[in-house]
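Spelled out from the first residue to the last, the chains are:
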Amino acid sequence: NYFIWKLKRIRFMKKISFFMSIFLSIVFCALSTVVAKTEGKNVPAVEMPKDFQLKYGFGAVHADWGRSRYTINADGTLLIESWGRMTGPNDPPKTATYILTSDEMRQLWEKIQKSRFFSLDEEYINRNVMDGSTAYIWVVANGKEHTVSVTNRAVKRFDQLADFISDLVSQKSSAAEKQTE
């Protein structure tokens, strides 16, 4: 009797082990799918603010060497304005207009949030350099307005956002040039 009881118990434990292994496999598969879908997303996806506006201007400290300004509105309109070295002070800038996709706008908004733009100081300047470069980014979003100006300095969070904007504009203008060829 003891051996029969032991054998039944072993069979019962095997059944429980089998069902537990199936259950745990299902749980781990579900968890790995959730982790894979959320991996690398540090900023929660949020809707683009309806009042969003951005201006990014950059160029030489001496304006006669040329400057550019990119303006992006909540509807995705991108206006590029450039004043060249030979452009007179009263001459109109060279302009181009493009439309950013909703995905590009989402990426831009996420980049602004990730850079913690609204917590940057208003001005970063190296007063020991007389010539050089200057840049500013002005953003309005969710009723807040903030401007950051950088002259002859490297500010990592500002520079990463500025590089992202420049890359986005470059991609748009390159794609437009390919369509006209």
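Residues numbered from 1 in each chain as written. Predicted model: local features only at pLDDT ≥ 70, side-chain atom pairs only at ≥ 80, totals over all residues. Heavy atoms only, no water.

Draft legend 1. Layout of the overall build of the chain. A count of helical and extended segments in the chain gives 3 helices and 7 strands. Starting at the N terminus, the α and β elements of the chain follow one another as α-β-β-β-β-α-β-β-β-α. By the burial criterion, 30% of the 181 residues in the chain qualify as buried. Contacts in the chain between residues at least 24 apart in sequence constitute 58% of all its contacts with a sequence separation of at least 6. Entry remark: accessible area of the chain is about 12,700 Å², with carbon and sulfur atoms responsible for 56%. (Helix = DSSP H or I, 4+ residues; strand = E, 2+ residues; numbered from the N terminus. Buried < 20%, exposed > 50% of the residue type's maximum accessible area, 1.4 Å probe, protein only. Contact = heavy atoms within 4.5 Å. Areas by Shrake-Rupley, 256 points an atom, 1.4 Å probe, with all protein chains shown as cover.)

Draft legend 2. Geometry of the nonpolar core. Grouped together as the largest cluster of nonpolar side chains are 31 residues, with contacts concentrated most on Phe52, Leu54, Leu108, Ile112, Ile137, Phe158 and Ile165. Broken down by secondary-structure element, the contributors of at least two residues to this core are strand S1 (53-60), strand S2 (67-73), strand S3 (77-83), helix H2 (102-114), strand S6 (133-141), strand S7 (144-151) and helix H3 (156-180). At 7 residues, H3 tops the list of elements feeding residues into this core. Setting aside residues up to four positions removed in sequence, Phe158 forms contacts with Leu120, Ala135, Tyr136, Ile137, Val148 and Val150. (Core = buried A, V, L, I, M, F, W, Y, C linked by side-chain atoms within 4.5 Å.)

Draft legend 3. The confidence of the model for the chain, seen in detail. Chain-level statistics for the chain give a pLDDT mean of 82 and a share of 71% at 70 or above. Here helix H1 (residues 2-38) stands out as the element of the chain with the lowest mean pLDDT, 62, in contrast to S7, whose mean of 96 is the highest. Low pLDDT (under 50) marks residues 34-45, which in the prediction has 6 contacts with non-local residues, meaning those over four places away or in another chain. (pLDDT = per-residue confidence, 0-100.)

Draft legend 4. Examining H2 more closely. Spanning 13 residues, H2 covers 18 Å between terminal C-alpha atoms, matching the ideal 18 Å at 1.5 Å per step. Arg116 lies just past H2 and shows a positive phi near 50°. (Expected span 1.5 Å × (residues − 1).)

Draft legend 5. Representation of the packing of aromatic side chains within the structure. Enumeration over the complete set of coordinates arrives at 5 aromatic pairs. Ring geometry for Phe58 and Tyr70: centres 5.3 Å apart, planes at 70°, overall edge-to-face. With Phe58 in strand S1 and Tyr70 in strand S2, this pair connects stretches of sequence that are 12 residues apart. Site record: aromatic cluster; members linked through ring pairs are Tyr56, Phe58 and Tyr70. Over the aromatic face of Phe118 sits the side chain of Lys144, whose NZ or CZ is 5.0 Å from the ring centroid. (Phe/Tyr/Trp six-rings, centres within 6.5 Å; stacked < 30°, edge-to-face > 60°. Lys NZ or Arg CZ within 6 Å of the ring centre and 35° of its normal.)

Draft legend 6. Representation of the pattern of salt bridges in the model. Counted according to the given criterion, the structure contains 5 salt bridges. For Arg106, the salt bridge goes to Asp103, with nearest N and O atoms at 2.4 Å. Placement of both Arg106 and Asp103 in helix H2 is noted, with a separation of 3 residues, approximately one turn of the helix. Under the relative-accessibility criterion, Arg106 is labelled partly exposed at 32%. Given a relative accessible area of 36%, Asp103 falls into the partly exposed group. The closest approach of N and O atoms between Glu104 and Lys172, which form a salt bridge, is 3.2 Å. With a gap of 68 residues between them, Glu104 in helix H2 and Lys172 in helix H3 connect regions that are remote in the sequence. Judged by relative accessible area, Glu104 falls into the buried class, the value being 15%. (Salt bridge = Lys/Arg side-chain N within 4 Å of Asp/Glu carboxyl O.)

Draft legend 7. Focus on the pairing of S3. In this structure, S2 lies alongside S3, joined through 6 bridges in antiparallel fashion. When the sheet's bridge partners are listed, Thr71 is paired in S3 with Leu79. From the end of S2 to the start of S3, which pair antiparallel, there are 3 residues, and Gly76 there has a positive phi angle of about 95°. Bridge count for S3 against strand S4 (residues 94-99) is 6 bridges, and the pairing is antiparallel. In the sheet register, Ile80 faces S4, and the bridge partner there is Ala96. (Pairing = 2+ DSSP bridges.)

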